[in-house]
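# Structural overview
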Amino acid sequence: MPWWKDRNLWVAMLVAVLLRTVPLAVWGQDWGCVRDECTYLKLARRMVEGQGMTTSAGWLWAPGYPFLLAIHRALTGYGATIKGMQVVAALLNVGLIYGLAARASGLWSDDQRLRRRSARIAAWLYALSLPQAFFAMSLWSEVLYSTLLLVALSALQATAPPSDDAVPRDLRADPAQRSGAHALGLALILGATVGLCVLFRGVATYMLPIFAVGILWRRWTRWRAWAQALAAVLAAVLVVAPYSIHISKKFDAVVISDRTLGQMMWLGDNDFAPLTFDYGNGQLSRYAYVRTKKKGRAACAPRKDAMVRDQCEVAAGLAWIKAHPAEFVERMPLRVAQLLNPHSLLTRHLRWGFWRGLPQWVDELIIAVGALEAMLTIWVGALGLAARGRRSLGLVVTGILLYHLAAIAMLAGLTRYRVPLEPLLMIYAAPVLAAPRQTLAALGFRRWRLAAAVLALGALVPLVLWFLPAGWPGWRTW
């Protein structure tokens, strides 16, 4: 049955819309902005005024999200109208996850009902996710970054289709996919999308090789695969290069999409513990933040000299790591635990009372459900990826997750950095929930898969539980 005939998918999309628009209709007028949200709006306002991309508080951020905010501000007078676009993107994500979960299940089973069940579960996991819904209603780039990652993965699975007998016939390369022009077109879409990821998040700057390896995976000797990989790289470069050249000339420094590494090293590689801004696990007040800053090294350049500041902060961060190598390594689990904290900025939002009028027990229920959803996604998704991750799709999803985890382990963690990664885990959580016995049995056939599952869960379970109590006041006294 084609996806557009699946009523279950359309119902999931309807629920996703309601979950993302009703709170906006009730509380949207008084919502306001918080921290980075306000900075995004300020950058967008400057763009509309003709200043182009500017620095803020010593940071030069990636331009993608402020640029979209500027477009909405120019068209409607309010940058916050981008939330409508994010709700639409969330609907697209429901469909993309549906398709990718069906694909992931189809790589190990030709049971159409099982594939459809997996696809439906994945779609509902995203549609019902309270943290994902919250970010669609907020002024952060996470939802749109998720969309770009999912589009890139969808292009990948079409660019490098499996063709062996172990894969169901309907998932093998068809004549259209064997067309050189068609394959190159898909590779160009993939590369352009990864390029947009770079313009949205600086952390994506070095993610392109993961997709290139995915295109070439098990096709190392095929010239067409190399042509596709080259086309993807070229498309990504062409998307990023115009902005990179412009911004580098503007600030007289080499800039790919952002210059935030120095500030991140100041947050995470300093005399104080890695800073974060989550509820119960961060410096939420200005006083607490200033007090913590005094414990570490002072900024090495004024905020207005963002390029100089970034450069010298990178040098200072590297010097700190060389002087404290053991502490740098010991902090890695802490930084990852900050990222994997099952609470999200939704918890902070509710604790600060932004959704006025809700009974206390409703706040507590939302916080608990959101944390449980995150735990389910992380643990079951990791188990599913270890058991069912196959071909280019499984390889690239694993690479993206490990790449982001490694970046956070060396810098500083924040739960919102995890939000775009959860949809990737939902793709593989779905097959586990759809066929738990088959999935667990599959681990016994490949020892390396069993070892990967034990290793992943052995690390993820304590890291996720590390800050679980942080969502409730007074948790440090437990």
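Here is a short report on the structure shown in this document. These figures come from a predicted structure and were not determined experimentally. (Residues numbered from 1 in each chain as written. Predicted model: local features only at pLDDT ≥ 70, side-chain atom pairs only at ≥ 80, totals over all residues. Heavy atoms only, no water.)

## Digging into the overall build of the protein
- Helices and strands together make up the secondary structure of the protein, namely 22 helices and 2 strands.
- Expected size for 478 residues packed as a compact globule is a radius of gyration near 23 Å; at 22 Å, the protein falls within 12% of this value.
- A principal-axis box enclosing the C-alpha atoms of the protein has dimensions of 60 × 55 × 50 Å.
- The burial tally for the protein puts 56% of its 478 residues in the buried class.
- Across the protein, contacts joining residues at least 24 apart in sequence account for 78% of those joining residues at least 6 apart.
- Here the protein has roughly 21,000 Å² of accessible surface; of this, 66% comes from carbon and sulfur atoms.
- A gap of 3 Å separates the mean positions of the 51 positive and 26 negative side-chain charges of the protein. (Helix = DSSP H or I, 4+ residues; strand = E, 2+ residues; numbered from the N terminus. Rg over C-alpha atoms; globule rule 2.2 N^0.38 Å. Buried < 20%, exposed > 50% of the residue type's maximum accessible area, 1.4 Å probe, protein only. Contact = heavy atoms within 4.5 Å. Areas by Shrake-Rupley, 256 points an atom, 1.4 Å probe, with all protein chains shown as cover. Lys, Arg positive; Asp, Glu negative; His and termini not counted. Charge placed at Lys NZ, Arg CZ, Asp CG, Glu CD.)

## With respect to the side chain of T439
- When you line up the elements, T439 lands in helix α21 (residues 436-445).
- With relative accessibility at 1%, the residue T439 sits in the buried group.
- A polar side-chain atom of T439 sits 2.9 Å from the main-chain carbonyl oxygen of A435.
- Apart from residues no more than four positions distant in its own chain, T439 is found in contact with A387, R388, P431 and V432. (Polar contact = N/O pair within 3.5 Å; in protein donor to acceptor, adjacent residues only side chain to side chain.)

## With respect to the side chain of R297
- Structurally, R297 can be placed in the loop between α13 (286-293) and α14 (306-323).
- Residue class for R297 comes out buried when judged on its relative accessible area of 18%.
- Of the polar contacts made by the side chain of R297, one reaches the backbone oxygen of D269; its length is 2.7 Å.
- If near-sequence neighbours (up to four positions away) are discounted, R297 is found in contact with M265, W266, D269, N270, D271, E313, A316, G317 and W320.

## Regarding helix α10 (residues 208-216)
- Counting buried residues in α10 gives 7 out of 9 residues, a clear majority hidden from the surface.
- Those residues of α10 not exposed but buried are L208, I210, F211, A212, G214, I215 and L216.
- Note on α10: the residue one or two positions beyond its end, R218, has a positive phi of about 65°.

## Considerations on the packing of aromatic side chains
- A complete count under the given rule lists 12 aromatic pairs for this structure.
- Judged by centre distance (6.3 Å) and plane angle (75°), the ring pair of W217 and W220 falls under edge-to-face.
- The partly exposed category is assigned to W217, whose relative accessible area is 34%.
- Under the relative-accessibility criterion, W220 is labelled partly exposed at 42%.
- Through pairs of rings, three or more aromatic residues link up here, namely Y40, W59, W61 and Y65.
- Lying across the ring of Y145, R201 places its NZ or CZ 5.0 Å from the centre. (Phe/Tyr/Trp six-rings, centres within 6.5 Å; stacked < 30°, edge-to-face > 60°. Lys NZ or Arg CZ within 6 Å of the ring centre and 35° of its normal.)

## Let's talk about the packing of α10 against helix α11 (residues 223-251)
- The interhelical angle for the contact between α10 and α11, taken along N-to-C directions, is 160°, at an axis separation of 8 Å. The pairing of α10 with α11 is recorded here as roughly antiparallel in orientation. In terms of crossing hand, the pair formed by α10 and α11 is right-handed. From α10, L208, A212, I215 and L216 reach across to α11, where they touch A225, W226, Q228, A229, A232, V233 and A236.
- Partitioning the contact of α10 with α11 into residue classes produces 10 nonpolar, 1 polar and no charged. (Axes fitted to C-alpha atoms, helices over the stretch in contact; angles between N-to-C directions. Parallel < 35°, antiparallel > 145°, perpendicular 65-115°, else oblique. Left-handed = near helix turned anticlockwise from the far one by under 90°. Nonpolar A, V, L, I, M, F, W, Y, C, P; charged D, E, K, R; others polar.)

## Considering the state of the cysteines
- A full pass over the atoms with the stated rule returns 2 disulfides.
- Sequence-ordered numbering of the disulfide-bonded cysteines in the protein gives the connectivity 1-2, 3-4. (Disulfide = S-S within 2.5 Å.)

## A closer look at the environment of I321
- Summarising the element assignment, I321 is placed in helix α14.
- Judged by relative accessible area, which is 17%, I321 ranks as buried.
- When the C-alpha positions of I321 and N270 are compared, they lie 8.6 Å apart, and in sequence the two are 51 residues distant.
- Leaving out residues up to four positions away in the same chain, I321 has contacts with M265, D269 and F328.

## Quick look at a nonpolar patch on the surface
- Taken together, the side chains of L14, L18, V22 and V26 define a hydrophobic patch exposed on the protein surface, amounting to about 360 Å² of accessible area.
- Here L14 shows up in helix α1 (residues 7-27). (Patch = residues over 30% accessible without salt bridge, like charges linked within 9 Å, V, L, I, M, F, W, Y side chains within 5 Å. Salt bridge = Lys/Arg side-chain N within 4 Å of Asp/Glu carboxyl O.)

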